[in-house]
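So the chains spell out like this:
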Amino acid sequence: MVHETKYTMPLLEDLKAVLKEKGLSLSHQRLKVLEYLSSHHCHPTVEQIYLSLVEEIPTLSKATVYNTLKTLVEIGVVKELQIENNEARYDIITDFHGHFKCEQCGKIYNFDIDLNNAGFSGLNQFLIKQKDVYFKGVCPDCL
């Protein structure tokens, strides 16, 4: 299922530049987490990232992965998603977009959404700090 999207996939070199700009070191572990997120667009959990990297980096701990992700979220290069059941997932795409989770296979898909033309009203005097759109159902592969 291929479709054009409005959000942009950040380049690893641009992400490294942001880390330098924010005064963060380009540690081996930090770079490996960024590389993983840049090449795996599956909205992984801390556990998934840890299990994928621990063979290559035997000294890696889950705490290091968690702390690295926390820092990357704080500086805005990664977005933390709370899809359901308090399970944090991580997305390298920080441009606004929606997420669809398949109830059958568990895969999370990105999709474009334009909230500016969605017809929402009643929030004019509110300060909105975060917008998340989440759908759940069955993906085409599982139908």
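Residues numbered from 1 in each chain as written. Predicted model: local features only at pLDDT ≥ 70, side-chain atom pairs only at ≥ 80, totals over all residues. Heavy atoms only, no water.

Student: So what exactly am I meant to see when it comes to the packing of helix H3 (residues 46-53) against helix H4 (residues 62-74) here?
Tutor: When two helices pack together, their arrangement is given by the angle between their axes and by how far apart the axes lie. Contact geometry for H3 and H4: axes closest at 9 Å, N-to-C directions at 120°. The orientation of H3 relative to H4 falls into the category oblique. Once H3 is placed against H4, the crossing between them reads as right-handed. Residues Val46, Glu47, Ile49 and Tyr50 of H3 touch H4, and the partners they reach there are Lys62, Val65, Tyr66 and Leu69. (Axes fitted to C-alpha atoms, helices over the stretch in contact; angles between N-to-C directions. Helix = DSSP H or I, 4+ residues; strand = E, 2+ residues; numbered from the N terminus. Parallel < 35°, antiparallel > 145°, perpendicular 65-115°, else oblique. Left-handed = near helix turned anticlockwise from the far one by under 90°. Contact = heavy atoms within 4.5 Å.)

Student: Quick question: what am I supposed to make of the pairing of strand S3 (residues 98-102) here?
Tutor: On a regular strand, each side chain points to the face opposite its neighbour's, so the side chains alternate between the two faces of the sheet. Of all the 5 residues making up S3, 5 are buried; the element is thus mostly covered by neighbouring parts of the structure. Alternating residues of S3 divide into Gly98, Phe100 and Cys102 and His99 and Lys101, and every residue in both groups is buried. The sheet contact formed by S3 and strand S4 (residues 108-111) spans 4 bridges and is antiparallel. If you follow Phe100 over to S4, its bridge partner there is Tyr109. The antiparallel hairpin formed by S3 and S4 contains 5 residues in its connecting segment, where Gly106 sits at a positive phi of about 85°. The pairing of S3 with strand S5 (residues 134-137) spans 4 bridges and is classified as parallel. Bridge pairing links Phe100 to Phe135 in S5. (Buried < 20%, exposed > 50% of the residue type's maximum accessible area, 1.4 Å probe, protein only. Pairing = 2+ DSSP bridges.)

Student: Before we go on, may I ask you to explain the side chain of His99 in this structure?
Tutor: Inspection of the secondary structure puts His99 in strand S3. Residue His99 is classed as buried on the basis of its relative accessible area of 3%. Engagement of the side chain of His99 in a polar contact is seen with the side chain of His43, the distance being 3.5 Å. Polar side-chain contacts of His99 include one of 3.1 Å to the side chain of His97. (Polar contact = N/O pair within 3.5 Å; in protein donor to acceptor, adjacent residues only side chain to side chain.)

Student: How should the sheet that holds S5 be read in this particular structure?
Tutor: The pairing of strands in a sheet comes from backbone hydrogen bonds and takes either a parallel or an antiparallel form. Read across the open sheet, the 3 strands follow the order S4-S3-S5; overall the sheet is mixed. Two strands lie at the open edges of the sheet, namely S4 and S5, each paired on one side alone. Pairs of neighbouring strands in the sheet enclose a mean axial angle of 25°, with direction left out of account.

Student: Help me understand the nonpolar core, please; the structure alone is not making it clear to me.
Tutor: The biggest cluster of nonpolar side chains holds 22 residues, and the ones touching the most others in it are Leu37, Ile49, Leu69 and Leu72. Elements with a minimum of two residues in this core: helix H1 (12-21), helix H2 (28-39), H3, H4 and strand S2 (88-91). The contacts of Ile49, once residues within four sequence positions are left out, are Val33, Tyr36, Leu37, Pro44, Val65 and Leu69. Listed in part, the 6 residues of the second largest apolar core include Phe100, Cys102, Tyr109 and Phe111. (Core = buried A, V, L, I, M, F, W, Y, C linked by side-chain atoms within 4.5 Å.)

Student: Explain the environment of Ser61 to me, please; I cannot follow it from the model alone.
Tutor: On the secondary structure map, Ser61 appears in the loop between H3 and H4. By relative accessible area, Ser61 is classed as partly exposed at 28%. Residues Ser61 and Leu51, 10 residues apart in the sequence, show an inter-C-alpha distance of 9.8 Å.

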